[in-house]
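Fold and geometry: a report
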Amino acid sequence: MIRYTLLSLLMIFSLTCVYSQTELQTVAEKSNFESTSRYDDVMAYVNQLQKTSKNIRVETIAKTFEGRDIPLIIVGNPLPKSPKDLVNDKRVVVYIQANIHAGEVEGKEAVLMYLRDLLKIKNPEVLKDVVLLVCPILNADGNEKISTKNRTNQKGPINGVGVRYNGQFLDLNRDAMKIESPEIKGVITNILNKWDPEIIMDCHTTNGSYHVEPVTFTWIMNPNCDRSLINYMRDKMMPEMSSTLLNKYKTENCFYGEFIDMMDYSKGWISYAAEPRYLSNYVGVRNRLGILNENYVYADFKSRVLGCYSLINSLMDYSSSHKAEIKDLIKKVDATTIARGLNPSVADSFAVAYAGRPTPNNVTIKTFEADAVESENVYERYKKSDRRKDVTVIYIADYFATKNTKFPFAYILSIPDPDVINVLKAHGIVVEKLDNTITLDVDKFVIEDIKPISRLSQGHYNETLQGKFVKETKEFPAGSYIVRTSQKLGYLASYLLEPQSDDGLMFWNFFDRYLVPQWSKNFYPYPVYKVIGNTEIKTTIEK
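Analysis parameters
- Residues numbered from 1 in each chain as written.
- Predicted model: local features only at pLDDT ≥ 70, side-chain atom pairs only at ≥ 80, totals over all residues.
- Heavy atoms only, no water.
- Helix = DSSP H or I, 4+ residues; strand = E, 2+ residues; numbered from the N terminus.
- Rg over C-alpha atoms; globule rule 2.2 N^0.38 Å.
- Buried < 20%, exposed > 50% of the residue type's maximum accessible area, 1.4 Å probe, protein only.
- Contact = heavy atoms within 4.5 Å.
- Areas by Shrake-Rupley, 256 points an atom, 1.4 Å probe, with all protein chains shown as cover.
- Lys, Arg positive; Asp, Glu negative; His and termini not counted.
- Charge placed at Lys NZ, Arg CZ, Asp CG, Glu CD.
- Pairing = 2+ DSSP bridges.
- Disulfide = S-S within 2.5 Å.
- Axes fitted to C-alpha atoms, helices over the stretch in contact; angles between N-to-C directions.
- Salt bridge = Lys/Arg side-chain N within 4 Å of Asp/Glu carboxyl O.
- Core = buried A, V, L, I, M, F, W, Y, C linked by side-chain atoms within 4.5 Å.
- 1 Å grid on protein atoms, 1.4 Å probe; cavity = no way out; pocket = protein on both sides within 12 Å on 5 of 7 lines; lining within 4 Å.
- Points joined across faces, edges and corners; volume = space filled by probe spheres on them.
- Nonpolar A, V, L, I, M, F, W, Y, C, P; charged D, E, K, R; others polar.
- Polar contact = N/O pair within 3.5 Å; in protein donor to acceptor, adjacent residues only side chain to side chain.
- Expected span 1.5 Å × (residues − 1).
- Phe/Tyr/Trp six-rings, centres within 6.5 Å; stacked < 30°, edge-to-face > 60°.
- Lys NZ or Arg CZ within 6 Å of the ring centre and 35° of its normal.

Some points on the overall build of the protein chain
- A tally of helices and strands in the protein chain yields 12 helices and 21 strands.
- Whereas a compact globule of 543 residues would reach a radius of gyration of roughly 24 Å, the protein chain reaches 24 Å, a difference of no more than 12%.
- On the principal axes, the C-alpha backbone points of the protein chain span a range of 75 × 60 × 45 Å.
- Scored against the burial criterion, the 543 residues of the protein chain give a buried share of 59%.
- A separation of at least 24 residues holds for 78% of the contacts in the protein chain among residues at least 6 apart in sequence.
- When the accessible surface of the protein chain is summed, it comes to about 22300 Å², and 51% of that surface belongs to carbon and sulfur atoms.
- Of the charged side chains in the protein chain, 67 are positive and 66 negative, and the gap between their average positions amounts to 3 Å.

Section: the sheet that holds strand β9 (residues 269-270)
- Within the open sheet, the 4 strands sit side by side as β8-β9-β14-β11. Their pairing is mixed. One side of each edge strand has no neighbouring strand; the edge strands of this open sheet are β8 (258-259) and β11 (349-358).
- Summarising the sheet, β11 and strand β14 (residues 395-406) pair through 9 bridges and their orientation is antiparallel. From the neighbouring strand, Ala 351 faces β14, where its bridge partner is Asn 404.

A few points about the state of the cysteines
- Evaluated as defined, the whole model comprises 0 disulfides.
- No disulfide involves Cys 135; its sulfur sits 11 Å from that of Cys 203, the nearest cysteine.
- Cys 254 takes part in no disulfide bond, and the closest cysteine sulfur, belonging to Cys 308, lies 14 Å away.

Concerning the sheet that holds strand β7 (residues 253-255)
- An order of β1-β2-β4-β3-β5-β10-β6-β7 is seen for the 8 strands of this open sheet, with the pairing classed as mixed. Looking at strand neighbours, the two that pair on one side only are β1 (56-63) and β7, the edges of this open sheet. Neighbouring strand axes in the sheet, compared pairwise and without regard to direction, differ in orientation by 20° on average.
- Sheet contacts for helix α3 (residues 39-50): β1 and β2 (69-75); angle to β1, the most-contacted strand, approximately 150°.
- Lying on the sheet, helix α9 (residues 301-321) is in contact with β3 (92-97), β4 (130-135), β5 (199-205), β6 (215-219) and β10 (289-295); it crosses β5 at an angle near 170°.

Focus on the pattern of salt bridges
- Tallied over the full model, the rule gives 42 salt bridges.
- Of the charged contacts in the structure, one is a salt bridge between Lys 267 and Asp 261, with a shortest N-O distance of 3.0 Å.
- What makes Asp 261 buried here is its relative accessible area of 19%.
- Where Asp 371 meets Arg 387, a salt bridge forms, and the shortest distance between an N and an O atom there is 2.8 Å. One end of the pair, Asp 371, is in strand β12 (residues 363-372); the other, Arg 387, is in strand β13 (residues 382-393), and 16 residues separate them in sequence.
- Residues participating in the shared-partner salt-bridge network are Glu 23, Glu 29, Arg 116, Asp 117 and Lys 120.

A few points about the nonpolar core
- Counting residues in hydrophobic clusters, the biggest one holds 150 residues, and the most contacted among them are Ile 96, Leu 132, Met 237, Ile 291 and Phe 511.
- Of all the elements, α9 adds the most residues to this core, at 10 residues.
- Counting 12 residues, the second largest nonpolar core, distinct from the first, contains Ala 410, Ile 438, Val 531 and Ile 537.

Some details on empty space enclosed by the protein
- The full count for this structure, using the stated rule, is 1 cavity of 30 Å³ or more.
- As for the largest cavity, its lining consists of Thr 206, Gly 208, Ser 209, His 211, Thr 216, Tyr 256, Gly 257, Trp 269 and Tyr 296.
- For the lining of the largest cavity, the per-class residue count stands at 3 nonpolar, 6 polar and no charged.

What to know about the layout of surface pockets
- Empty space within the second largest pocket amounts to approximately 480 Å³.
- Looking at the second largest pocket, it is lined by 18 residues, and the ones nearest its centre are Leu 86, Val 87, Asp 196, Glu 198 and Lys 327.
- Taken together, the elements giving at least two residues each to the lining of the second largest pocket come down to α6 (182-195) and α10 (323-342).
- Split into classes, the residues belonging to the lining of the second largest pocket amount to 6 nonpolar, 1 polar and 11 charged.

Some points on the side chain of Glu 104
- Here Glu 104 shows up in the loop between β3 and α4 (106-119).
- Residue Glu 104 is classed as buried on the basis of its relative accessible area of 3%.
- Here Arg 164 takes part through its side chain, which lies 3.4 Å from a polar atom of the side chain of Glu 104.
- Those residues within four positions of Glu 104 in sequence are excluded, and the remaining contacts are Asn 99, Arg 151, Arg 164, His 204 and Thr 205.

What about α6?
- With 14 residues, α6 extends 18 Å between its outermost C-alpha atoms, agreeing within 8% with the 20 Å of an ideal straight helix rising 1.5 Å per residue.
- For α6, the set of buried residues is Glu 183, Ile 184, Gly 186, Val 187, Ile 188, Ile 191, Leu 192 and Trp 195.
- Of the residues one or two after α6, Asp 196 is the one with positive phi, at around 45°.

Details of the environment of Ala 353
- As for its position among the elements, Ala 353 is in strand β11.
- Relative accessible area serves as the criterion here: at 26%, Ala 353 is assigned to the partly exposed category.
- For the pair Ala 353 and Pro 214, spaced 139 residues apart in sequence, the C-alpha to C-alpha distance is 33 Å.
- Discounting residues that sit within four places of it in the chain, Ala 353 has contacts with Phe 400, Ala 401, Thr 402 and Lys 403.

Structural notes on the packing of aromatic side chains
- For the structure on display, the rule yields 18 aromatic pairs.
- The interplanar angle of 35° and the centroid separation of 4.2 Å between the aromatic rings of Phe 259 and Tyr 265 together place this pair among those described as tilted. Each member of the pair Phe 259 and Tyr 265 is classed as buried.
- On the numbers, 5.1 Å between centres and 85° between planes, the contact of Phe 350 with Tyr 495 is edge-to-face. Taken together, the positions of Phe 350 in strand β11 and Tyr 495 in helix α12 (residues 490-497) put the pair 145 residues apart, joining distant regions of the chain.
- On the basis of relative accessibility, which here comes to 0%, the residue Tyr 495 falls in the buried class.
- Following the ring pairs from residue to residue traces out a cluster consisting of Phe 217, Trp 219, Phe 255 and Tyr 395.
- The ring centre of Phe 368 lies 5.8 Å from the NZ or CZ of Arg 388, which sits over that ring.

Okay, structure coming up:
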């Protein structure tokens, strides 16, 4: 453990030292944490970093809606020329993402500081165990709309921040399943599919309850993630990182959430967003370890940046010291997913509805009592008092199914919709075509009702189906598309294709035109059929 201590001491020293005029600094540091970096600032900083070390390279993962290149910084020693170099590599790959919401800027500043301090070391020990990928400014378009009128509820930087949405007015942290933005398509195709990082951390700023801790974070929690990954993060990885953050880096922290009732703390602390539209849960459905970092909105900007910096250190420490364990766990989970798809049992199921339960251990939050006030603004309904109070309460962050459906051997599409096929392939899901016309026993979903939401969400009237599966023998012509679940992304395929999934392609309106006859009050069958048991089907992989 001495090697990590030396690295940590150097990095902690960098937070308090007086920088010379020639040393590379972020905009936040140069402005005494009164400003945040613009896109050109970030790119100039990254260009300077490349001149300091042989261990860094920069790629472009996408071009934003407004035409800006989104950088991906790759750091390693030795530096991999491509993902092929990592096939038999013992290092773990960690991806840190910042500025998905461009008003939440701590991660952007913190990760730039971390990269500088890491690369100033000639041969950092941590790079013997970790290949680091960083996207410091994912929402570059939103970042350039900096204004002092954005996120006025948060404490600094006083010279303003960017906006939540991208150039398309989309929330990028709701786009992981439907992939309508170039930014998220770039993350999925050029980072997750290409580099396949074992660990992903997405950096944000909170909007919720009052507490002392400047840093909060949590783990994957969708019930369609492999349970062994959830339990590993909940019971080992997150507690150890929390302890390291407090004891080694002297940073107060707690697991992310908010009080269910600000006037009655006994009801508990909850992390409520379990859907895979959120990137940190999306990677869990892909069988990888996802961390949601939420820095405390009411802490001052400098404390938020330095807290996030320390969290990055804690993540890198853990990843380095547990690399073999993490790689072995993920290898086993991938194998289990493939085996499950090859021979689904009667007990195998997919959660189409779920609810949160308390985790095995309570959490302690160093909070302030709140006073209720009358306001139409959701952020102003409570006012923080000066009355400090530590509370130990249940943490609702374990999500379990309340309604299941059968997990199948394969899905067969009765319609060759190019948008559906393209989004499946963009996710990295293997799509095949039937070589011959075939008659199969399948489960058909009979629609009884379609219920759209009453308010637009991300440009969609999201829909849920009511109905039931029935058995049917059906002929499928040669060339029909088929998706087997015996692949590493089998859980993700089910999430996208199940008719009653709460975040699938049906929910996001991909199948709308195929559901209702023009002159009838009845419904067509849902155009995706399930083959339940292992069946010999001759296919060709779609390129």
